[in-house]
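Overview (structure and organization)
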Amino acid sequence: MSEQAEIVIIGGGAIGCSIAYHLAKLGKRDVLLLEQYALTHGSTWHAAGLVGQLRSKRNLTRMMQDSVALYGRLEAETGQATDWKPVGSIRVASSPERWQELKRSASTARSFDFEMHLLSAREAEARFPLMTTQGVEGAAFVPSDGYVDPSSLTQALAKGARAGGVRLREGVRVTDLVGRRGRVVEVVTTHGRIACESLVIAAGMWARQVAAMAGLALPAGAVEHQYMVTEKFEGVDPSLPTFRDPDNLFYLKPDVGALALGGWEADTLPFGSRGIPDGFQRSLLDANFDRFEQLAVKAAARLPILNEVGVRELINGPIPVSADGEPVMGRVPGFDNLYVACGFTAGIAAAGGAGKAMAAWIAEGDPGMDLWAFDIRRFSPHQASRQFLEERCVESYGAYYKMHWPGAEPSSARRQRLSPLYPMLEAMGAVYGSKAGWERPNWFARDDAEPVDRPAFERPNWFEAVGEEHRAVRERVGLIDLSSFAKFEIGGRGALQALQRIAANDLDRPAGSVIYSQLCNARGGIEADVTIVRLDEETFYLITGSGFAVRDAGWIQSQLPRDGDLRLRDVTSAWAVVHICGPNARDLLALVAEENVEGSAFPYYTARQITIGSARLRALRLSYTGELGYELHCPSETAPRVFGLLWQAGRDLGIANVGYRCLESLRLEKRHLYWSAELTPDTNPYEAGLGFCVALDKGDFLGRDALARVKAEGPRRKLCCFTLEAEVPLFGGEAILREGRVIGVTTSGGYGYTVGKPIVLGYLPVEEAGHRDYEIEAFAETHPARRHDRPLYDPERKRALA
């Protein structure tokens, strides 16, 4: 075989065949799918086949809904049976905490207009008579969920793909990938070489091995997953809904006169991290009854029938899982034509929607919706290391059914990236969280407080400590370690011209200017939200969030001209950042800096070189807190000394350490926005209230035409700020109502310690955004909410401009 194809897909499981099917639907005929063994012979064939849809965000739920819509019509379209059973799903709460979680999910579902019903224990039993109600607080029922036969589904997708002109080759193993200038140009196989214009790796548990052929480390691996099938017995109604009891870690579905039961134990084993054996096709691993016993005992307590029927078989098969338990999708940074779709722990549920999104990504350059939670660019390079994956994949798998507490942090594979201030702050009571591998101080335990997180829906153990930090910033002065900020230098001949084409704001300002800007796509959607410092005529310093380094650098690099001497350098590790914020911030800086830092000498949104001790550092006058503030970007080796001088000088000024949880509260009061919450590729600056950052008169830039239309016609949505009098926990994802109608969904939520109230942000249709009184639904209860026209704290910006 020596040929070529416009698009080559590696992997013949449910995901790969779905991508092929959807590419054909988009009119792509020159598509070749390669499978090393036979279709489904990886992990698809032994998958349980449950299909659940509700996720924490609208677009993720939409993707699962696309799966259900496809499964409902695929058999009639292709003539291939799929055994799709839309029987609905029951999820029971066997603890008060889980019942709270289900009620929160119900409010999220309502905000998406997604049908989900809360049931009493007795109502759940009526729908699933095999369960006992003992200890059940309540349940949720989703009528459109179901289950499907994974192999039949995959064969139907393959048949539909073939009907659309796609070629599928089984028994063809990929042995190498040939790259040239950021492109994979040739696929080397056991049957010959294939030239391609685009390549998609959808190889399931082999994805990591295949990607390594292109020099790419994927943040996805595989673990052992077990489920048992009972002996057949009378009384198994095939119309029974699927059943989940996450407190007891198990799921269940009917299985041709029997029951199939599996779960998510915490002590599973990684698989294939050092290579998958040759010939591992349609293969299983040795069953581990001792490990499965913890699930079976709990399941039998909930479903007494299990004590009466035998076990026909215990299936132990490897399944893919990523470093955070979510799929890994999208175009790979650093490549123009390489795409991945792997790490699908719930691959059968996701296959239909993921294939549709990936096909659009490949054929049209965009998945059709913001899928940041699944985007490969959310991972940092270290998260693709074998050591990291062996630890974190096991934890992510075991956490699948655990309580998803707001603010919960992973416990494995920690201390990967440390700020130079880490030892000092740890000794001062810092309780750390993890972001992109960085250890970041979330809050500081005071006095005899236990320096560990105890998450809760209402008041977690850090609530009061964060309040003290909040008051320190509002009333005195705080220090925040922001060293994990991602930082880049962009320079070379033509840097200004190139960045002017990417940024919505005008960067042609004097050296020393600090510019807040969005980087928009052609639709005017916000791809990145950044701070840019002009260092000199053709050198710029760009700062973005810790978790957005790979994404933002990839976006910028993709838009820079290929020729010339422009360079984009990641300088994150070179610069530590100490943030001074609060009304005493200038007094503190004046005590330690050799230079004059008075307001007239150091205006708002400017940058200066200053000296503290023997350290020369880059100081930026700005703050995400809404207070007078300075970011001190110092060479990393000097940060401990700089911090020590600031701490010593600030004792008489009431200095305090401050963490990221306090920063979240401060920014909500000030209505400062966050990318991936208020700002996304589906959001434009005008509807977010950031029109002041769009310089339509500077000349052409990416997204200008779309933004000019939005400005001329007016945005269709408006970002609004609400407060509640009721002390209800809010986190984002709550429904916004007016007169009983759902009209929006919140993007962020939290508690404002200065205003003394819960705060949420959320978008509303413009025609609904002019009222004062609304309702917010949280935990299945509605509460009166008041909309505010301006930021809740210091709307005139007098504090920041002081």
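These notes cover the structure that comes with them. (Residues numbered from 1 in each chain as written. Predicted model: local features only at pLDDT ≥ 70, side-chain atom pairs only at ≥ 80, totals over all residues. Heavy atoms only, no water.)

Enumeration according to the criterion identifies 51 salt bridges in this entry. Two residues, R569 and E489, come together in a salt bridge whose shortest N-O distance is 2.9 Å. Here E489 lies in strand β22 (residues 486-491) and R569 lies in strand β26 (residues 567-570), a separation of 80 residues in the sequence. For R569, a relative accessible area of 42% translates into the label partly exposed. On the basis of relative accessible area, E489 is assigned to the buried category, the value being 12%. Each of E3, D30, R167 and R169 takes part in salt bridges that share partners, so that together they form one network. (Salt bridge = Lys/Arg side-chain N within 4 Å of Asp/Glu carboxyl O. Helix = DSSP H or I, 4+ residues; strand = E, 2+ residues; numbered from the N terminus. Buried < 20%, exposed > 50% of the residue type's maximum accessible area, 1.4 Å probe, protein only.)

So, on to helix α16 (residues 660-670). Across the 11 residues that make up α16, a large majority, 10, are buried. Those residues of α16 that fall on the buried side of the exposure criterion are Y660, R661, C662, L663, S665, L666, R667, L668, E669 and K670. Taken together, the buried residues of α16 touch β20 (438-444), α11 (463-475), β21 (477-481), β34 (741-752) and β35 (757-765). Of the residues one or two after α16, R671 is the one with positive phi, at around 60 degrees. (Contact = heavy atoms within 4.5 Å.)

This part is about the environment of R73. With respect to the element layout, R73 can be found in helix α2 (residues 58-78). Classification of R73 by relative accessible area gives partly exposed; the value is 44%. Distance from R73 to S43, taken between C-alpha atoms, is 24 Å for residues 30 residues apart in sequence.

Glancing now at the environment of V172. Secondary-structure assignment places V172 in the loop between β8 (167-170) and β9 (174-179). In this structure, the C-alpha to C-alpha distance between V172 and L34, residues 138 residues apart in sequence, is 6.1 Å.

Even without being a glycine, A413 presents a positive backbone phi close to 50 degrees. Tracing the backbone shows A413 in the loop between α9 (386-398) and α10 (422-427). A positive phi angle, close to 55 degrees, is found at D447, a residue other than glycine. Summarising the element assignment, D447 is placed in the loop between β20 and α11.

Here the focus is the sheet that holds strand β14 (residues 250-254). On the basis of which strands lie adjacent, the open sheet formed by 8 strands has the order β5-β6-β4-β13-β14-β15-β12-β16 and mixed pairing. Taken across any chain shown, the strands that pair with only one partner, and hence form the sheet edges, are β5 (117-119) and β16 (311-322). Averaged over all adjacent pairs, the angle separating strand axes in this sheet is 20 degrees, with direction ignored. In this sheet, strand β15 (residues 259-263) lies alongside strand β12 (residues 220-230) in antiparallel orientation, the contact comprising 3 bridges. (Pairing = 2+ DSSP bridges. Axes fitted to C-alpha atoms, helices over the stretch in contact; angles between N-to-C directions.)

Before going further, it helps to spend a moment on the sheet that holds strand β25 (residues 539-544). Read across the sheet, 5 strands follow the order β23-β24-β25-β22-β26 without closing on themselves; strand pairing throughout is antiparallel. Each of the sheet's edge strands pairs with one partner strand only, and the pair in question is β23 (514-520) and β26. Across the sheet, the axes of successive neighbouring strands diverge by a mean angle of 30 degrees, strand direction being ignored. The pairing of strand β24 (residues 526-536) with β25 spans 5 bridges and is antiparallel. Opposite T531, over in β25, you have I543 as the bridge partner.

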